[in-house]
Every structure is written in structure tokens, then in C-alpha cells.
Amino acid sequence: MGKIVLRLDRMMVERKISLNELAERVGISNVNLSKIKNNHVTAIRFSTLAAICEVLDCEAGDILEFQKDAPES
């Protein structure tokens, strides 16, 4: 089974926004946003994802990426 990878770091660079600023505008702690940014979470609330998308003016698909598992030989 594949996995979902968060590409928040890429979007933050494109939008030229810091972790601290995004966390403040989204309303979550720097620590929690850092975990999301660095793919150290197993789940994310839709309300948090929606707030991130609103602040970054993007779609959820700009942040979420599906990666297929490598084929077994």
C-alpha cells in the first residue's frame, strides 16, 4: 500500500512564509506545525488542513501527495 506524504515545506517556500508566521495565522503551535511540515504525523484534521490551505491560498492537493510503494521484484 502506498502512503500520503505532506509537501507543506515546498508550499511554504513557494509562498515565502515562515513556520512561525504560518503557525500563528493557522492557530496551531509551532511544534505541531513543524511535525506536519516534516512528515512526523500520521493524521491531520481537516480543519487544520483547511486553515493551512486558506492561509497559503492553495488546494489540499498542493500539500498532499500520494506515493506508491516500489514494485516488488
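In case you missed it, the structure is sitting above this.
Criteria and thresholds
- Residues numbered from 1 in each chain as written.
- Predicted model: local features only at pLDDT ≥ 70, side-chain atom pairs only at ≥ 80, totals over all residues.
- Heavy atoms only, no water.
- Buried < 20%, exposed > 50% of the residue type's maximum accessible area, 1.4 Å probe, protein only.
- Helix = DSSP H or I, 4+ residues; strand = E, 2+ residues; numbered from the N terminus.
- Arc of directions from axis to C-beta.
- Contact = heavy atoms within 4.5 Å.
- Core = buried A, V, L, I, M, F, W, Y, C linked by side-chain atoms within 4.5 Å.
- Axes fitted to C-alpha atoms, helices over the stretch in contact; angles between N-to-C directions.
- Parallel < 35°, antiparallel > 145°, perpendicular 65-115°, else oblique.
- Left-handed = near helix turned anticlockwise from the far one by under 90°.

For helix H1 (residues 8-15), every residue scored as buried is listed here: Leu8, Met11 and Met12. The buried residues of H1 occupy one face: seen down the axis, they fall within an arc of 100 degrees. As for H1, its buried residues are in contact with strand E1 (3-6), helix H2 (19-26), helix H3 (30-37), helix H4 (46-56) and helix H5 (60-63). Looking one or two residues past H1, Lys16 carries a phi angle of roughly 55 degrees, positive in sign.

Bringing the nonpolar core into the picture now. Of all hydrophobic cores here, the largest spans 17 residues; its most connected members are Leu8, Leu22, Ile52, Leu56 and Ile63. Sorting the residues of this core by element identifies H1, H2, H3 and H4 as the ones contributing at least two each.

Packed helices, taken two at a time, are described by the angle their axes make and the gap between the axes. It is the contact of H2 with H3, at a shortest axis distance of 9 Å, that shows an interaxial angle of 110 degrees. Compared by their axis directions, H2 and H3 come out roughly perpendicular. Crossing angle aside, the handedness with which H2 passes H3 is right-handed. Between H2 and H3, the residues in contact are Leu19, Asn20, Leu22 and Ala23 and Asn30, Leu33, Ser34 and Lys37, respectively.

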